[in-house]
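# Inside the fold
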Amino acid sequence: MSEDLTRLSAAELSTLMADGEVSAREVTEAHLARIHDVDDDVHAFVLVNDTDAILEARRVDEARYRGEELGPLAGVPIAVKDLLTTRGMRTTCGSRILEDWVPVYDATVVAKVRDAGMPILGKTNMDEFAMGSSTEHSAFGPTHNPWDLDRIPGGSGGGSSAAVAAFEAPLALGTDTGGSIRQPAAVTGTVGAKPTYGAVSRYGLVAMASSLDQVGPCSRTVLDAAMLHEVIGGHDPHDATSLPEPVAPAVAYARQGMAGDLRGVRIGIVGELRGDGFQQGVLERYAEALGVLEDLGAEMQVVSCPSFAYTLAAYYLIMPSEASSNLARFDAMRYGLRLSPQGGPVTAEAVMGATREAAFGPEVKRRVILGTYALSAGYRDAYYGSAQKVRTLVQEDLAHAWEAVDVLVSPTCPTTAFRIGEKVDNPMAMYLSDTATIPANLAGIPGISVPAGLAEDGLPVGVQVLAPARADAWIYRVGAALEAVLTERWGGGLLDRAPMLGTPTGGAR
Ligand code: GLN
């Protein structure tokens, strides 16, 4: 039984618990057991929160027994990306510099999942300070893709997506600055959604690039992502960029999508995101997904966004610029690691230098240097200023697109999961993984990646749905419609086809 519980979706677990078929404690224990079974191989977690997770599950069971009103996800356990602060629980951001840092406060999204009665299973591995597309830049070693342990699970949130793919958690929280929720979802055969900028609070999300960062759900189904979106979304007075609006009706729209009718929905195919640099098998699955959308009654047309040719370049100026400023707080003085310089006088500057030299990894240093350079006097207008102009062009292209279509679609990632070590010394090759995801961050719009089957190499492919800012519900509607048909076509759970994941005895699905 305990193994079978890990195969169920959050929505299914929620129903079983509400009906008294199973307790929150059994559900949480099943997932912890699964983590202890497989995480030596996958390494999705950097911290497992056994005792507190079980205590929380018991609290939910007691509240249910007393007849208290509980939210739909009460008792459904969750994994949390280690970039989000958790009170009393170590938060490393994948960096040596925060190796032993225990925050005194919860991120708003963490407080919200706690209030919803969701036991926190642990903290998930990530590229250091969310810089990367493979989770190889973690100071604590890479996470492995459950589809093939020699391959990357995407990044920076590879830990969250791998945990969900490997049935270690039904849900996880991720963060997406340039694709770190959607790209790992695509290469692990799971679902990942990036909400509209400001729709979910960033308070307690350790900042990489503040104007791009956004928290969002990782799951195995679109409905589950929508359920989690409704828990974490909404206005937060602690975040000055938080939208003063009610949470999007994500669940209602996901259910509408599952019913399988997209008549009247206008879908734009992004002309710039389909040819050069995209793997053959990715394009095949994408073409198939376009056919599905059309069969469901959507009106399809090709839309052009010429500015997308410059988004990668603009991102790699804006993101390092903001990161170089945000990471200045890791100065060995206020918190985190502090190391003494080897020889020479022990001045504040020497301590800062020695600590940052030893405790930041190469990718973080590369970006801090790049960002500092791009913001320096004499270069600021040429680099940072030009990048901001591209950002405006992207917004204009999209504004134009929204006059003709309700949502846009593209492949999520140009390739399937690459091998561990293949791109780690070639930053440019790594950066190309985010070509299709970055425009949404530059424009602040919502996007979701939905599994679209397997490529010629037997590895999962994701298709991305983008919607206008504040229209988050639409990504769930179109995503769920696509998922319903493709799940059927691929014979149920795609993850059951992953060699190490195969259906457990008595398979619940
Ligand atoms: N892979 C992208 C980067 O390296 C995106 C990271 C993210 O979204 N956190 O910057």
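Our subject is the structure that appears above.
Rules of the game
- Residues numbered from 1 in each chain as written.
- Predicted model: local features only at pLDDT ≥ 70, side-chain atom pairs only at ≥ 80, totals over all residues.
- Heavy atoms only, no water.
- Core = buried A, V, L, I, M, F, W, Y, C linked by side-chain atoms within 4.5 Å.
- Buried < 20%, exposed > 50% of the residue type's maximum accessible area, 1.4 Å probe, protein only.
- Contact = heavy atoms within 4.5 Å.
- Near = heavy atom within 4 Å.
- Polar contact = N/O pair within 3.5 Å; in protein donor to acceptor, adjacent residues only side chain to side chain.
- Areas by Shrake-Rupley, 256 points an atom, 1.4 Å probe, with all protein chains shown as cover.
- 1 Å grid on protein atoms, 1.4 Å probe; cavity = no way out; pocket = protein on both sides within 12 Å on 5 of 7 lines; lining within 4 Å.
- Sits in = over half its atoms within 2 Å of the grid points.
- Nonpolar A, V, L, I, M, F, W, Y, C, P; charged D, E, K, R; others polar.
- Points joined across faces, edges and corners; volume = space filled by probe spheres on them.
- Salt bridge = Lys/Arg side-chain N within 4 Å of Asp/Glu carboxyl O.
- Axes fitted to C-alpha atoms, helices over the stretch in contact; angles between N-to-C directions.
- Helix = DSSP H or I, 4+ residues; strand = E, 2+ residues; numbered from the N terminus.
- Parallel < 35°, antiparallel > 145°, perpendicular 65-115°, else oblique.
- Pairing = 2+ DSSP bridges.
- Phe/Tyr/Trp six-rings, centres within 6.5 Å; stacked < 30°, edge-to-face > 60°.

### A look at the nonpolar core
- One finds Phe 129, Leu 173, Leu 228 and Tyr 476 to be the most contacted residues of the largest nonpolar core, which totals 130 residues.
- In this structure Leu 228 touches Leu 73, Ile 78, Val 113, Met 118, Leu 171, Ala 172, Leu 173 and Pro 217, once residues within four positions along its chain are discounted.

### Details of the site of the ligand
- As a structural note, the neighbourhood of the ligand is formed by 15 residues, with Thr 177, Gly 178, Ser 180, Tyr 315 and Asp 434 the closest of them.
- Ala 130 places a polar main-chain atom, nitrogen or oxygen, 2.9 Å from a nitrogen atom of the ligand.
- Compared with its free state, where it exposes 290 Å², the ligand has 100% of that area covered by protein.
- Counting atoms within 2 Å of the grid points, the majority share of the ligand lands in the largest cavity.
- Partitioned by chemical class, the residues of the shell around the ligand number five nonpolar, seven polar and three charged.

### Examining empty space enclosed by the protein
- Summed over the entire model, instances satisfying the criterion amount to one cavity of 30 Å³ or more.
- Lining the largest cavity are 14 residues, with Ala 130, Gly 132, Ser 180, Tyr 315 and Asp 434 sitting closest to its centre.
- Split by residue class, the lining of the largest cavity holds five nonpolar, seven polar and two charged.

### Side note on the pattern of salt bridges
- Enumeration according to the criterion identifies 19 salt bridges in this entry.
- Here Arg 66 ties to Glu 68 by a salt bridge, and the two come within 2.8 Å at their closest N and O atoms.
- For Glu 68, a relative accessible area of 41% translates into the label partly exposed.
- When the shortest N-O distance is used, the salt bridge between Arg 114 and Asp 106 registers 2.8 Å.
- The class for Arg 114 is partly exposed, based on a relative accessible area of 27%.
- One continuous salt-bridge network, built from bridges that share partners, spans Glu 363, Arg 366 and Arg 367.

### What to know about the packing of helix α5 (residues 108-115) against helix α8 (residues 222-232)
- As a packed pair, α5 and α8 sit with axes 8 Å apart at the nearest point and diverge in direction by 110°. What the angle tells us is that α5 and α8 run roughly perpendicular. Every residue of α8 that contacts α5 at Val 109, Lys 112 and Val 113 is listed here: Leu 228, Val 231 and Ile 232.
- In terms of residue class, the contact of α5 with α8 is built from five nonpolar, no polar and one charged.

### Brief notes about unusual backbone geometry
- Note the cis peptide between Gly 155 and Ser 156, where omega equals 5°.
- With respect to the helices and strands, the residue Ser 156 is situated in the loop between β3 (120-124) and α6 (158-165).

### Some remarks on the pairing of strand β4 (residues 171-175)
- Most of β4 is tucked away, with five of its five residues classed as buried.
- Here β4 shows two buried faces, one formed by Leu 171, Leu 173 and Thr 175 and the other by Ala 172 and Gly 174.
- Sheet topology note: the β4/strand β6 (residues 215-219) ladder contains five bridges and is antiparallel. Each residue of the ladder has a partner; that of Leu 171, found in β6, is Ser 219.

### A short note on the environment of Pro 306
- Checked against the element boundaries, Pro 306 lands in the loop between β8 (299-303) and α11 (311-326).
- Taking the C-alpha atoms as reference, Pro 306 lies 18 Å from Pro 468; in sequence the two are 162 residues apart.
- Setting aside residues no more than four positions away along its own chain, Pro 306 makes contact with Glu 272 and Asp 397.

### What about the side chain of Asn 145?
- Considering the arrangement of structural elements, one finds Asn 145 in the loop between β3 and α6.
- Among the residues examined, Asn 145 registers a relative accessible area of 0% and is labelled buried.
- A polar atom in the side chain of Asn 145 sits 2.9 Å from the backbone nitrogen of Trp 147.

### Quick word on the packing of aromatic side chains
- Overall, the coordinates contain 11 aromatic pairs when judged by the stated rule.
- Ring plane angle 85° and centroid distance 6.0 Å describe the contact between Phe 330 and Tyr 335, whose orientation is recorded as edge-to-face.
- Look at Phe 330 and you get buried, because its relative accessible area is 2%.
- For Tyr 335, a relative accessible area of 29% corresponds to the partly exposed category.

Such coordinate-based values are descriptive only and should not be taken to indicate function.
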